[in-house]
Amino acid sequence: MDKEQLKKMGKDPRYIKGIYNYCDSWCERCNYTSFCMNYQMSEDVYTDTETGDISNEKFWNHLSDAFRIAMEMIAEDAEKIGIDLEQLKNEADDYDVEEEFERTNNHPLMIESSSYPDTVDDWFKNNEVLFEEKEVELNEFAELDLPDTEDNFIELTDIISVINWYKTLIPSKLFRAIGGRDANVEEDDDYPKDSDGSCKVALISIERSIAAWHKMLNHFPEEEDSILGLLIQLARLMNNIKSEFPNAMSFVRPGFDE
Ligand code: SF4
(Lines give C-alpha, C1' and ligand atoms only; values in the text may rest on other atoms or scores of the structure.)
Protein backbone atom coordinates (compact mmCIF):
# COMPACT_ATOMS: atom_id res chain seq x y z
CA MET A 1 0.00 0.00 0.00
CA ASP A 2 1.31 3.47 -0.87
CA LYS A 3 0.53 6.97 0.38
CA GLU A 4 -2.17 7.63 -2.23
CA GLN A 5 -3.97 4.35 -1.48
CA LEU A 6 -3.87 5.17 2.22
CA LYS A 7 -5.29 8.65 1.62
CA LYS A 8 -8.03 7.17 -0.57
CA MET A 9 -8.95 4.74 2.19
CA GLY A 10 -9.00 7.61 4.69
CA LYS A 11 -11.66 9.36 2.60
CA ASP A 12 -13.77 6.24 2.03
CA PRO A 13 -17.15 6.88 3.75
CA ARG A 14 -17.51 3.18 4.55
CA TYR A 15 -14.96 3.51 7.33
CA ILE A 16 -15.81 5.04 10.71
CA LYS A 17 -13.12 7.56 11.56
CA GLY A 18 -11.07 6.64 14.63
CA ILE A 19 -13.16 3.59 15.58
CA TYR A 20 -9.94 1.65 16.25
CA ASN A 21 -8.76 4.20 18.83
CA TYR A 22 -11.30 3.16 21.46
CA CYS A 23 -11.94 -0.51 20.74
CA ASP A 24 -10.67 -3.54 22.62
CA SER A 25 -8.46 -4.66 19.69
CA TRP A 26 -10.22 -8.03 19.63
CA CYS A 27 -10.83 -8.04 15.87
CA GLU A 28 -11.83 -11.72 15.88
CA ARG A 29 -14.86 -10.81 18.00
CA CYS A 30 -15.56 -7.36 16.59
CA ASN A 31 -18.85 -6.52 14.84
CA TYR A 32 -17.31 -3.54 13.10
CA THR A 33 -14.57 -5.05 10.97
CA SER A 34 -16.14 -3.83 7.72
CA PHE A 35 -16.23 -0.26 9.08
CA CYS A 36 -12.65 -0.30 10.35
CA MET A 37 -9.83 0.98 8.17
CA ASN A 38 -7.24 -0.49 10.51
CA TYR A 39 -8.73 -3.94 10.14
CA GLN A 40 -8.93 -3.59 6.38
CA MET A 41 -5.28 -2.55 6.20
CA SER A 42 -4.15 -5.51 8.29
CA GLU A 43 -6.33 -7.83 6.19
CA ASP A 44 -4.58 -6.59 3.06
CA VAL A 45 -1.29 -7.61 4.62
CA TYR A 46 -2.29 -10.86 6.27
CA THR A 47 -4.34 -12.39 3.47
CA ASP A 48 -1.03 -13.06 1.84
CA THR A 49 0.04 -16.10 3.87
CA GLU A 50 3.67 -15.28 3.34
CA THR A 51 3.32 -11.85 4.96
CA GLY A 52 1.27 -13.38 7.78
CA ASP A 53 4.40 -14.93 9.18
CA ILE A 54 5.67 -12.51 11.77
CA SER A 55 9.25 -13.58 11.23
CA ASN A 56 8.94 -13.11 7.50
CA GLU A 57 11.08 -10.45 5.87
CA LYS A 58 8.10 -9.19 3.87
CA PHE A 59 6.17 -8.49 7.06
CA TRP A 60 8.89 -6.25 8.45
CA ASN A 61 9.35 -4.57 5.08
CA HIS A 62 5.65 -3.80 5.06
CA LEU A 63 5.90 -2.29 8.53
CA SER A 64 8.84 -0.17 7.55
CA ASP A 65 6.96 1.00 4.40
CA ALA A 66 3.99 1.93 6.55
CA PHE A 67 6.28 3.96 8.82
CA ARG A 68 7.84 5.76 5.86
CA ILE A 69 4.41 6.59 4.36
CA ALA A 70 3.13 7.85 7.72
CA MET A 71 6.18 10.12 8.13
CA GLU A 72 5.74 11.52 4.61
CA MET A 73 2.10 12.27 5.34
CA ILE A 74 2.95 13.92 8.66
CA ALA A 75 5.57 16.11 6.96
CA GLU A 76 3.11 17.14 4.20
CA ASP A 77 0.23 17.90 6.53
CA ALA A 78 2.40 19.73 9.05
CA GLU A 79 3.64 22.06 6.30
CA LYS A 80 0.08 22.67 5.07
CA ILE A 81 -1.25 23.66 8.49
CA GLY A 82 1.84 25.61 9.49
CA ILE A 83 3.35 23.32 12.12
CA ASP A 84 7.11 23.54 12.50
CA LEU A 85 8.35 19.95 12.81
CA GLU A 86 11.80 21.14 13.84
CA GLN A 87 10.29 22.96 16.82
CA LEU A 88 8.26 19.88 17.70
CA LYS A 89 11.45 17.83 17.58
CA ASN A 90 13.15 20.23 20.02
CA GLU A 91 10.18 20.00 22.35
CA ALA A 92 10.30 16.22 22.10
CA ASP A 93 14.02 16.29 22.95
CA ASP A 94 13.17 18.11 26.19
CA TYR A 95 10.58 15.50 27.08
CA ASP A 96 11.89 12.85 29.45
CA VAL A 97 10.21 9.63 28.30
CA GLU A 98 11.64 7.52 31.11
CA GLU A 99 10.53 9.97 33.78
CA GLU A 100 7.04 10.11 32.27
CA PHE A 101 6.90 6.31 32.11
CA GLU A 102 7.94 5.99 35.75
CA ARG A 103 5.45 8.62 36.89
CA THR A 104 2.55 6.94 35.09
CA ASN A 105 3.58 3.47 36.21
CA ASN A 106 3.67 4.60 39.84
CA HIS A 107 0.18 6.05 39.78
CA PRO A 108 -1.99 4.24 42.38
CA LEU A 109 -4.41 3.05 39.66
CA MET A 110 -1.51 1.54 37.71
CA ILE A 111 -0.18 -0.21 40.79
CA GLU A 112 -3.64 -1.55 41.52
CA SER A 113 -4.40 -2.70 37.96
CA SER A 114 -0.97 -4.11 37.17
CA SER A 115 -1.30 -6.81 39.79
CA TYR A 116 -4.51 -8.16 38.22
CA PRO A 117 -2.96 -10.12 35.29
CA ASP A 118 -0.63 -11.94 37.71
CA THR A 119 -3.53 -12.72 40.05
CA VAL A 120 -5.43 -14.20 37.10
CA ASP A 121 -2.44 -16.28 35.97
CA ASP A 122 -1.95 -17.55 39.53
CA TRP A 123 -5.62 -18.48 39.76
CA PHE A 124 -5.48 -20.55 36.57
CA LYS A 125 -2.22 -22.16 37.68
CA ASN A 126 -3.61 -23.05 41.10
CA ASN A 127 -6.70 -24.55 39.51
CA GLU A 128 -5.10 -26.61 36.75
CA VAL A 129 -6.37 -29.82 38.32
CA LEU A 130 -9.89 -28.44 38.49
CA PHE A 131 -9.86 -27.76 34.77
CA GLU A 132 -8.48 -31.22 34.02
CA GLU A 133 -11.28 -32.75 36.08
CA LYS A 134 -13.84 -30.55 34.32
CA GLU A 135 -12.55 -31.69 30.94
CA VAL A 136 -12.90 -35.36 31.95
CA GLU A 137 -16.39 -34.67 33.29
CA LEU A 138 -17.54 -32.89 30.12
CA ASN A 139 -16.11 -35.68 27.94
CA GLU A 140 -18.05 -38.23 29.98
CA PHE A 141 -21.23 -36.14 29.62
CA ALA A 142 -20.64 -35.91 25.87
CA GLU A 143 -20.29 -39.69 25.61
CA LEU A 144 -23.59 -40.04 27.46
CA ASP A 145 -25.07 -37.47 25.10
CA LEU A 146 -26.29 -35.38 28.01
CA PRO A 147 -27.97 -32.08 27.07
CA ASP A 148 -26.08 -28.76 27.32
CA THR A 149 -22.67 -30.45 27.37
CA GLU A 150 -21.48 -28.72 24.22
CA ASP A 151 -22.94 -25.38 25.35
CA ASN A 152 -21.14 -25.73 28.68
CA PHE A 153 -17.88 -26.48 26.94
CA ILE A 154 -18.27 -23.49 24.59
CA GLU A 155 -19.25 -21.20 27.45
CA LEU A 156 -16.27 -22.21 29.54
CA THR A 157 -13.91 -21.70 26.60
CA ASP A 158 -15.44 -18.25 26.01
CA ILE A 159 -15.12 -17.30 29.67
CA ILE A 160 -11.43 -18.20 29.66
CA SER A 161 -10.86 -16.24 26.43
CA VAL A 162 -12.63 -13.15 27.78
CA ILE A 163 -10.70 -13.17 31.06
CA ASN A 164 -7.38 -13.66 29.32
CA TRP A 165 -8.03 -11.05 26.65
CA TYR A 166 -8.99 -8.28 29.04
CA LYS A 167 -6.54 -8.98 31.87
CA THR A 168 -3.70 -7.08 30.16
CA LEU A 169 -5.89 -4.63 28.25
CA ILE A 170 -7.10 -3.09 31.52
CA PRO A 171 -3.68 -1.81 32.70
CA SER A 172 -2.57 -0.90 29.19
CA LYS A 173 -5.63 1.29 28.52
CA LEU A 174 -5.27 2.84 31.96
CA PHE A 175 -1.63 3.59 31.24
CA ARG A 176 -2.64 5.51 28.12
CA ALA A 177 -5.40 7.36 30.00
CA ILE A 178 -3.22 8.39 32.95
CA GLY A 179 -0.13 9.10 30.85
CA GLY A 180 -2.12 11.20 28.35
CA ARG A 181 -3.95 13.17 31.03
CA ASP A 182 -0.80 13.90 33.05
CA ALA A 183 1.52 14.67 30.14
CA ASN A 184 0.36 18.28 30.12
CA VAL A 185 -0.95 17.90 26.59
CA GLU A 186 -3.26 20.87 26.08
CA GLU A 187 -6.76 19.48 25.72
CA ASP A 188 -9.66 21.68 24.72
CA ASP A 189 -12.45 21.36 27.29
CA ASP A 190 -15.03 21.57 24.49
CA TYR A 191 -13.78 18.33 22.95
CA PRO A 192 -13.96 14.79 24.29
CA LYS A 193 -10.74 13.80 26.00
CA ASP A 194 -8.67 10.90 24.72
CA SER A 195 -7.91 9.98 28.34
CA ASP A 196 -11.65 9.52 29.02
CA GLY A 197 -12.00 7.38 25.89
CA SER A 198 -9.13 5.10 26.89
CA CYS A 199 -10.49 4.92 30.41
CA LYS A 200 -13.90 3.91 29.11
CA VAL A 201 -12.31 0.96 27.27
CA ALA A 202 -10.60 -0.05 30.55
CA LEU A 203 -13.93 0.19 32.39
CA ILE A 204 -15.77 -1.86 29.77
CA SER A 205 -12.98 -4.44 29.94
CA ILE A 206 -13.50 -4.64 33.71
CA GLU A 207 -17.27 -5.01 33.31
CA ARG A 208 -16.79 -7.87 30.86
CA SER A 209 -14.22 -9.50 33.12
CA ILE A 210 -16.60 -9.28 36.08
CA ALA A 211 -19.35 -10.92 33.99
CA ALA A 212 -16.94 -13.67 32.91
CA TRP A 213 -15.78 -14.38 36.49
CA HIS A 214 -19.39 -14.50 37.60
CA LYS A 215 -20.05 -17.19 34.99
CA MET A 216 -16.87 -18.98 36.03
CA LEU A 217 -18.33 -19.20 39.52
CA ASN A 218 -21.31 -21.15 38.12
CA HIS A 219 -18.91 -23.72 36.69
CA PHE A 220 -16.69 -23.93 39.77
CA PRO A 221 -18.80 -23.14 42.85
CA GLU A 222 -16.14 -24.82 44.99
CA GLU A 223 -13.85 -21.88 44.12
CA GLU A 224 -16.28 -19.31 45.51
CA ASP A 225 -13.77 -17.68 47.88
CA SER A 226 -10.99 -17.19 45.34
CA ILE A 227 -13.39 -15.98 42.61
CA LEU A 228 -15.08 -13.57 45.01
CA GLY A 229 -11.63 -12.21 45.84
CA LEU A 230 -11.05 -11.48 42.15
CA LEU A 231 -14.50 -9.94 41.75
CA ILE A 232 -13.87 -7.64 44.70
CA GLN A 233 -10.47 -6.64 43.28
CA LEU A 234 -12.11 -5.71 39.95
CA ALA A 235 -15.07 -3.91 41.52
CA ARG A 236 -12.74 -1.85 43.72
CA LEU A 237 -10.58 -0.94 40.72
CA MET A 238 -13.68 0.05 38.74
CA ASN A 239 -14.86 2.38 41.51
CA ASN A 240 -11.42 3.95 41.90
CA ILE A 241 -11.17 4.58 38.14
CA LYS A 242 -14.62 6.16 38.08
CA SER A 243 -13.64 8.49 40.95
CA GLU A 244 -10.47 9.56 39.14
CA PHE A 245 -12.09 9.83 35.69
CA PRO A 246 -15.71 10.78 36.40
CA ASN A 247 -16.48 11.60 32.75
CA ALA A 248 -15.05 8.45 31.23
CA MET A 249 -18.33 6.59 30.77
CA SER A 250 -19.92 9.59 29.00
CA PHE A 251 -17.24 9.50 26.31
CA VAL A 252 -18.82 8.62 22.96
CA ARG A 253 -16.66 6.10 21.14
CA PRO A 254 -16.85 6.42 17.34
CA GLY A 255 -19.03 3.64 15.98
CA PHE A 256 -19.60 1.72 19.22
CA ASP A 257 -21.58 4.38 21.09
CA GLU A 258 -23.20 6.23 18.20
S1 SF4 B 1 -12.54 -1.56 15.70
FE2 SF4 B 1 -12.81 -3.76 15.63
S3 SF4 B 1 -11.85 -4.41 13.74
FE4 SF4 B 1 -11.11 -2.36 14.18
S5 SF4 B 1 -9.16 -2.68 15.29
FE6 SF4 B 1 -10.82 -2.48 16.78
S7 SF4 B 1 -11.46 -4.58 17.24
FE8 SF4 B 1 -10.30 -4.63 15.31
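In this report, the structure presented in the accompanying data block is examined. The numbers attached to residues start from 1 for each chain and follow its sequence in the written order. Local features in a predicted model are, by the rule used here, given only for residues with pLDDT of at least 70; side-chain atom pairs are given and counted only at 80 or more, and totals for whole chains, interfaces and linings are based on all residues. Hydrogen atoms and water are omitted, and side-chain values are computed over all heavy atoms in the structure.

## Concerning the overall build of the chain
Then step 1. Check the secondary structure of the chain and you find 11 helices and zero strands.
Then step 2. Tracing the chain from N to C terminus, the helices and strands come up as α-α-α-α-α-α-α-α-α-α-α.
Then step 3. When burial is assessed residue by residue, the chain has 33% of its 258 residues classed as buried.
Then step 4. We call two residues in contact when some of their heavy atoms are within 4.5 Å. In the chain, of all internal contacts separated by at least 6 residues, the share reaching a separation of at least 24 is 75%.
Then step 5. To be clear on the numbers: accessible area is Shrake-Rupley with a 1.4 Å probe, and residue cover counts the displayed protein chains and nothing else. Counting only carbon and sulfur atoms, one obtains 52% of the accessible surface of the chain, whose full area is about 16500 Å². Helix and strand definitions follow DSSP, with helices as H or I runs of at least four residues and strands as E runs of at least two, each counted in order from the N terminus. Think of it in three bands: residues with accessible area under 20% of the maximum for their type are buried, residues over 50% are exposed, and the middle band is partly exposed, with areas taken using a 1.4 Å probe on protein chains only.

## Some remarks on the layout of surface pockets
Then step 1. Roughly 320 Å³ of internal volume is contained in the second largest pocket.
Then step 2. Together, 15 residues line the second largest pocket, and D24, R29, C30, Y166 and R208 are the ones closest to its centre.
Then step 3. Of all the secondary-structure elements, those providing two or more residues to the lining of the second largest pocket are helix 9 (149-182) and helix 10 (194-219).
Then step 4. If you tally residues by element for the lining of the second largest pocket, the top one is helix 10, at four residues.
Then step 5. Source of the domain bounds: an automatic or database domain assignment. Residue contributions to the lining of the second largest pocket reach at least three from each of two domains, namely domain 1 (3-94) and domain 2 (101-250). A 1.4 Å probe that fits into a set of points on a 1 Å grid over the protein atoms alone but cannot get out defines a cavity; an open set with protein on both sides within 12 Å along at least five of seven lines defines a pocket, and lining residues are those with an atom within 4 Å of a point. Grid points are joined across faces, edges and corners, and a volume is the space filled by probe spheres set on the points.

## A word on the pattern of salt bridges
When their charged atoms lie close together, side chains carrying opposite charge are able to pair.
Then step 1. When a carboxyl oxygen of Asp or Glu lies within 4 Å of a side-chain nitrogen of Lys or Arg, that pair is called a salt bridge. Under the defined criterion, the tally for this structure stands at 12 salt bridges.
Then step 2. Among the ionic pairs, E155 bridges to K215, the shortest N-O distance being 3.8 Å. You can see E155 sitting in helix 9 and its partner K215 sitting in helix 10, a full 60 residues away along the chain.
Then step 3. Since its relative accessible area comes to 28%, E155 is described here as partly exposed.
Then step 4. What makes K215 partly exposed here is its relative accessible area of 39%.
Then step 5. Between R253 and D257 there is a salt bridge whose closest N-O contact spans 2.9 Å.
Then step 6. A residue is classified by how much of its surface remains accessible, and R253, at 11% relative accessible area, is buried.
Then step 7. By sharing partners, the salt bridges in this structure join R181, D182 and E244 into a single network.

## Some remarks on the packing of helix 9 against helix 10
Then step 1. Axis definition: a line fitted to C-alpha atoms, over the contacting stretch in the case of helices. Angles run 0 to 180 degrees between N-to-C directions. Across the interface, helix 9 lies against helix 10 with an axial gap of 7 Å and an inter-helix angle of 155°. In terms of their interaxial angle, helix 9 and helix 10 are classed as roughly antiparallel. In terms of crossing hand, the pair formed by helix 9 and helix 10 is left-handed.
Then step 2. The classification used treats Ala, Val, Leu, Ile, Met, Phe, Trp, Tyr, Cys and Pro as nonpolar, Asp, Glu, Lys and Arg as charged, and all other residues, Gly among them, as polar. Split by residue class, the contact of helix 9 with helix 10 holds 17 nonpolar, six polar and seven charged. The cut-offs work like this: below 35 degrees is roughly parallel, past 145 is roughly antiparallel, 65 to 115 is roughly perpendicular, and the gaps in between are oblique. Two helices cross in a left-handed way if the nearer one is turned anticlockwise from the farther one by less than a right angle. They cross in a right-handed way if the turn is clockwise.

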